[in-house]
Amino acid sequence: MEALYTLLYYLCKNGNIEEAEEFILLNKKLFPLEVEGFNIILNGGFLIGMTLAVLVTMTVATSMAARDGPVPVAGYQICLEVWLALSLLNDALAIAGQVKP
């Protein structure tokens, strides 16, 4: 059984998500878990991509604001706090929408 989980791990790690899902669907007796719930784990690549995009955007925006002096940095900080609060709220709502009762 451990070999099957290792196979799934390497399929997902190398970006073969469709093959991993097909493998699970064809072997339902070996994997008695809900396939829809497992898709959250398989689709982690989107979360990593989103995180990297936000980090790059924030780094570029901070460096651009820092070049102009203290007043633009203060305005940038206010906008950043509002944006961060709204994005965290949006993520919380998205996560709550994925959870099954």
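Just so it is clear, the model here is predicted, and its values are computed rather than measured.

Procedures and definitions
- Residues numbered from 1 in each chain as written.
- Predicted model: local features only at pLDDT ≥ 70, side-chain atom pairs only at ≥ 80, totals over all residues.
- Heavy atoms only, no water.
- Helix = DSSP H or I, 4+ residues; strand = E, 2+ residues; numbered from the N terminus.
- Buried < 20%, exposed > 50% of the residue type's maximum accessible area, 1.4 Å probe, protein only.
- Contact = heavy atoms within 4.5 Å.
- Areas by Shrake-Rupley, 256 points an atom, 1.4 Å probe, with all protein chains shown as cover.
- Axes fitted to C-alpha atoms, helices over the stretch in contact; angles between N-to-C directions.
- Parallel < 35°, antiparallel > 145°, perpendicular 65-115°, else oblique.
- Left-handed = near helix turned anticlockwise from the far one by under 90°.
- Nonpolar A, V, L, I, M, F, W, Y, C, P; charged D, E, K, R; others polar.
- Patch = residues over 30% accessible without salt bridge, like charges linked within 9 Å, V, L, I, M, F, W, Y side chains within 5 Å.
- Salt bridge = Lys/Arg side-chain N within 4 Å of Asp/Glu carboxyl O.

**Some words on the overall build of the chain**
At step 1: Secondary structure assignment for the chain yields five helices and zero strands.
At step 2: In sequence order, the secondary structure elements of the chain are arranged as α-α-α-α-α.
At step 3: Split into buried and exposed, the 101 residues of the chain put 12% on the buried side.
At step 4: Contacts in the chain between residues at least 24 apart in sequence constitute 35% of all its contacts with a sequence separation of at least 6.
At step 5: As displayed, the chain has an accessible area near 8000 Å², and 70% of this comes from carbon and sulfur atoms.

**Re the packing of helix α4 (residues 44–68) against helix α5 (residues 70–98)**
Relative orientation and spacing of two packed helices are given, respectively, by the angle between their axes and the distance between those axes.
At step 1: Axis separation between α4 and α5 bottoms out at 9 Å; the angle between their running directions is 165 degrees. In terms of their interaxial angle, α4 and α5 are classed as roughly antiparallel. Crossing of α4 over α5 shows right-handed handedness. Between α4, through M50, V54, M58, A61, T62, A65, A66 and D68, and α5, the contact on the second element is made entirely by P72, V73, Y76, L80, W83 and D91.
At step 2: Residues that form the contact of α4 with α5 fall into these classes: 11 nonpolar, one polar and two charged.

**Quick notes on the environment of A20**
At step 1: Mapped onto the fold, A20 is located in helix α2 (residues 17–26).
At step 2: Sequence-wise, A20 and L7 are 13 residues apart; in three dimensions their C-alpha atoms are separated by 8.4 Å.

**Topic: a nonpolar patch on the surface**
At step 1: Together, L47, M50, V54, W83, L84 and L88 make up a nonpolar patch on the protein surface, roughly 540 Å² of accessible area in all.
At step 2: Looking at the nonpolar patch, the elements that each hand over two or more residues are α4 and α5.
At step 3: Positionally, V54 belongs in helix α4.

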